[in-house]
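Summary of the model geometry
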Amino acid sequence: MSPSSNKTTSRFGHLPLSTSGPLECALKGTVLLTHPYFNKGSAFTPDERRDFALAGLLPPSVQTLEQQVQRAYEQYCARPDDLAKNTFLTSMKEQNEVLYFRLLHDHLPEMFSVVYTPTEGDAIQNYSRIFRRPDGLFLNIHDVDRVYHDLSLWGTADDIDYIVVTDGEEILGIGDQGCGGILISIAKLALTTLCAGIHPNRVLPVVLDCGTDNEELLNDPLYLGLREKRVRGEAYDNFVDTFVKAARKLYPKAYIHFEDFGLQNARRLLNKYRPEIPCFNDDVQGTGCVTLAAIFAGLHVTKQKVDDIRLVIFGAGTAGVGIADQVRDAIATERGISKEEAAKQIWLIDKPGILTTDTEDLSEGQKPYAKAEDEWESKDRNLLAVVKQVKPNVLIGTSTVPRSFTKEVVEAMASSVERPIILPLSNPTRLHEAVPSDLLEWTNGKALVATGSPFKPVKGPWGESGKEVEIEVAECNNSVVFPGIGLGSILSRAKLVTDKMLVAAVNGVAQLSPALKDSTAPLLPGVDVVRDVSVVVARKVIQSAVEEGVATQEGIPDDEAELDEWIREQMWDPVYRPLKYVNKEGASREAKGEMRVVGSVEGREQQ
Ligand SMILES: NC(=O)C1=CN([C@@H]2O[C@H](COP(=O)(O)OP(=O)(O)OC[C@H]3O[C@@H](n4cnc5c(N)ncnc54)[C@H](O)[C@@H]3O)[C@@H](O)[C@H]2O)C=CC1
Ligand SMILES: CC(=O)C(=O)O
Ligand SMILES: [Mg+2]
């Protein structure tokens, strides 16, 4: 999958998001060189150097993007550790976006974990220490009156397709990171471009700074966010609502992706806004979708059906309940039974142990899964006791409790099922409920494993032959699916993101599972094919949006192959487009470099 050179004119005629042809630019000289969207560095052509007053500002050799990637890769490799590599890549993104995305594209399996989990988690924890220049939109709860104005600086009604917003309360598995959460919005958006070709100049990362309950940050003199305890209740709801309403009014085409909100808010906000606007909560829905696809692949290997699912989820928070709902709904649909009946195949465990109708303070999301108290044989309510009684064939971890899938638990599970499906999903890596090497060793290679963060393949002398075999472990992360869901929603200009669109996305990923063809292969497709996965997911989502009557885009092709072509045509590729000078007066906001980079480039704050 090498990015094509500039796309030729489409046979579909004008497409809203097509990126073919020259790029108009009203910037010149040093301003142009410091603008990440237009900058080409040493790859500016002789004509461009002349037309844009760059001649004396660059060394004479005109280089190709490939040469630049080679140089950048050497510099990347020279960085001593992953956090330094992450910082290097951030700096490259601020200088030259095409080069940044092309470097990542060409080295994706190697660099994915550096720009995403786990290393992005380290960058977020160190945000106020490693900060050099701001990126994204910082809104704070004491300036509610400014929300509309500050949002309006990012473009006009047509300019923004995709917004990722966080309030920083529950970042990955590392908890409250306050305004450092902006980096998760930026990272998720980088993945939408990288994995699904969503245009990097048409996205907006946002952090809603409501304070932080993280004492370390509150006591850090260098902390950059609001230095006070989180504001909650009515003021919080009003702040979020002001943001959502302003975003809808200013950018009516934009899809809003909620990321890493806290347990009290994630699902509540999703339920509030889902019936009204095209929005998506990645931790609830993205995680639910990708995990269901992994379970489908696992059932294919074990030759079981949806009826056979006996699922135990350890950690019944935002992600855990999101997964439970997605699986429950799939069981209900497939078996033609009610959701209540389907929920009987799912058991949730949280801090008090198995959740029963007697458990205090069950959340609304947990209630449908609470089991009758008298079902419990043992007075123990812990994971081991539950596994022994339930005899699950699928065990999922979304608890942030490292090593909680102990040898005893896994052996208990493996004693009652031939091929246990075990998915420790907590991020970052150090919080995984178990590591693949242990799971495979304890089950003699029988466990079907996928993990929340990436792991290297595991070698071992498993099976009766005792021969050394290498098992590749799939990454079960919402990143497999959210870029494609976003792409499909944007291209169809869906009014809403419906349940059926999400089920369609699950089926799209599941049909691409390598395990369908080879039972020893990973349960999910890997990052090496992620753009192809996104096309299939987007296609399924678009078809479903059309069927549901929520697609508003005209001219969506009916034919599947044509639809794929129509999708690919609108995916942004990391290639240089020729620059065409336009006079500043009357130039578009994009040509003036005003989108994504707000205000004058020269005047941007550094440090
Ligand atoms: N692989 C993926 O795609 C995704 C992974 N995650 C990961 O899942 C983890 C959880 O994330 P969220 O659901 O957003 O957090 P959350 O805070 O909403 O949920 C965590 C749940 O685990 C429970 N828990 C904590 N200690 C426990 C214990 N000792 N025993 C049983 N339950 C316990 C908490 O009470 C809470 O209900 C994080 O590490 C996050 O990075 C989240 C979203 C996507
Ligand atoms: C992957 C993700 O969204 C999380 O860990 O929160
Ligand atoms: Mg998340």
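Computed from a prediction, not measured in an experiment: that's the story for all the values here. Every chain's residues receive numbers from 1 upward, in the order its sequence appears when written. The order in which chains are written sets their letters, starting at A; the order in which ligands are written sets their numbers, starting at 1. Predicted model: local features are reported for residues with pLDDT of at least 70 only, side-chain atom pairs are reported and counted for 80 or more only, and whole-chain, interface and lining totals are derived from all residues. Excluded from the side-chain calculation are hydrogens and water; included are all heavy atoms of the structure.

**With respect to the confidence of the model for the chain**
- Per residue, pLDDT captures the predictor's confidence, and it can take any value from 0 to 100. When pLDDT is averaged along the chain, the result is 94; 96% of the residues meet or exceed 70.
- When the criterion is pLDDT under 50, residues 599-607 qualifies, and its contacts beyond four places in sequence or with other chains add up to 15 contacts.
- Here the predicted complex carries an ipTM of 0.99, next to a pTM of 0.95. Two residues qualify as a contact provided that any one of their heavy atoms is within 4.5 Å of a heavy atom in the partner residue.

**Remarks on the site of ligand 1**
- We define proximity as follows: a residue is near a molecule or strand when any one of its heavy atoms falls within 4 Å of that partner. Every one of the 25 residues lining ligand 1 counts as a neighbour, but Thr-318, Ala-319, Asp-350, Asn-427 and Asn-478 are closest to it.
- Pairs of N or O atoms are called polar contacts if they sit within 3.5 Å, as long as, within protein, a hydrogen donor faces a hydrogen acceptor (for residues adjacent in sequence, only side-chain-to-side-chain pairs). In the environment of ligand 1, a nitrogen atom lies 3.4 Å from a nitrogen or oxygen atom belonging to the backbone of Leu-425.
- Between an oxygen atom of ligand 1 and a main-chain N or O atom of Asn-478, the distance comes to 2.9 Å.
- Each accessible area value is a Shrake-Rupley result obtained with a 1.4 Å probe; residue values ignore everything except the protein chains displayed when judging cover. In isolation ligand 1 has 850 Å² of accessible area, and contact with the protein removes 88% of it.
- By the criteria applied, helices consist of DSSP H or I runs no shorter than four residues and strands consist of E runs no shorter than two, each listed in order from the N terminus. For the shell around ligand 1, the elements supplying multiple residues, two or more each, are helix 14 (282-302) and helix 15 (318-335).

**A closer look at the sheet that holds strand 7 (residues 311-314)**
- An order of 9-8-7-10-11-12-15 is seen for the seven strands of this open sheet, with the pairing classed as mixed. The sheet terminates laterally at strand 9 (353-354) and strand 15 (474-475), the two strands that pair on one side only.
- Strand direction decides the pairing type here: strand 10 (residues 394-397) and strand 11 (residues 421-424), joined by four bridges, are parallel. Bridging from a neighbouring strand, Leu-395 pairs with Ile-422 of strand 11.
- Note on method: axes are straight lines fitted to C-alpha atoms, helices fitted across the in-contact stretch only, with angles between N-to-C directions ranging 0 to 180 degrees. Most of the contacts of helix 14 go to strand 11, to which it runs at about 155 degrees, and overall it touches strand 10, strand 11 and strand 12 (448-451).
- Its contacts with the sheet place helix 15 against strand 7, strand 8 (346-350) and strand 10, and it is angled at close to 175 degrees to strand 8. Paired strands, in this sense, are two strands between which DSSP finds at least two bridges.

**A word on helix 6 (residues 108-115)**
- Exposed residues in this analysis have more than 50% of their type's maximum accessible area, buried residues have under 20%, and partly exposed residues fall in between, with area computed by a 1.4 Å probe over protein chains only. Counting buried positions along helix 6 yields six of eight residues, so the element is predominantly enclosed.
- Among all positions of helix 6, only Leu-108, Met-111, Phe-112, Ser-113, Val-114 and Val-115 are buried.

**Focus: the packing of aromatic side chains**
- Any two of the Phe, Tyr and Trp rings considered here, Trp counted by its six-membered ring, make a pair once their centres fall within 6.5 Å; the pair's planes then place it as stacked at under 30 degrees, edge-to-face at over 60, or tilted in between. Going through the model one piece at a time under the given rule, you end up with 13 aromatic pairs.
- With centroids separated by 5.7 Å and ring planes inclined at 70 degrees, the aromatic side chains of Tyr-127 and Phe-131 adopt a geometry described as edge-to-face. The exposure classification of Tyr-127 matches that of Phe-131, with both residues buried.
- One aromatic cluster in this structure is built from Tyr-73, Tyr-76 and Phe-88.
- Two conditions define a charge sitting above a ring: the NZ of Lys or the CZ of Arg must be within 6 Å of the ring centre, and it must be within 35 degrees of the ring normal. Directly above the aromatic system of Tyr-581 lies the positively charged group of Lys-28, at a separation of 4.5 Å from the ring centroid.
- One residue, Lys-371, lies across the ring of Trp-347, its end atom 5.4 Å from the ring centre.

**A word on the nonpolar core**
- What we call a nonpolar core is a set of buried Ala, Val, Leu, Ile, Met, Phe, Trp, Tyr and Cys residues that are connected through their side-chain atoms within 4.5 Å. The biggest cluster of nonpolar side chains holds 106 residues, and the ones touching the most others in it are Leu-89, Ile-485 and Ile-567.
- If one sorts the elements of this core by residue count, helix 14 sits on top with nine residues.
- Domain delimitation follows an automatic or database domain assignment. Taken domain by domain, this core gets at least three of its residues from each of domain 1 (131-283) and domain 2 (285-477).
- With sequence-adjacent residues up to four places away left out, Leu-89 is seen in contact with Tyr-76, Tyr-100, Leu-103, Leu-104, Met-111, Val-114 and Val-115.
- Within the second largest apolar cluster, 35 residues are counted, among which are Val-144, Tyr-236, Ala-254 and Leu-270.

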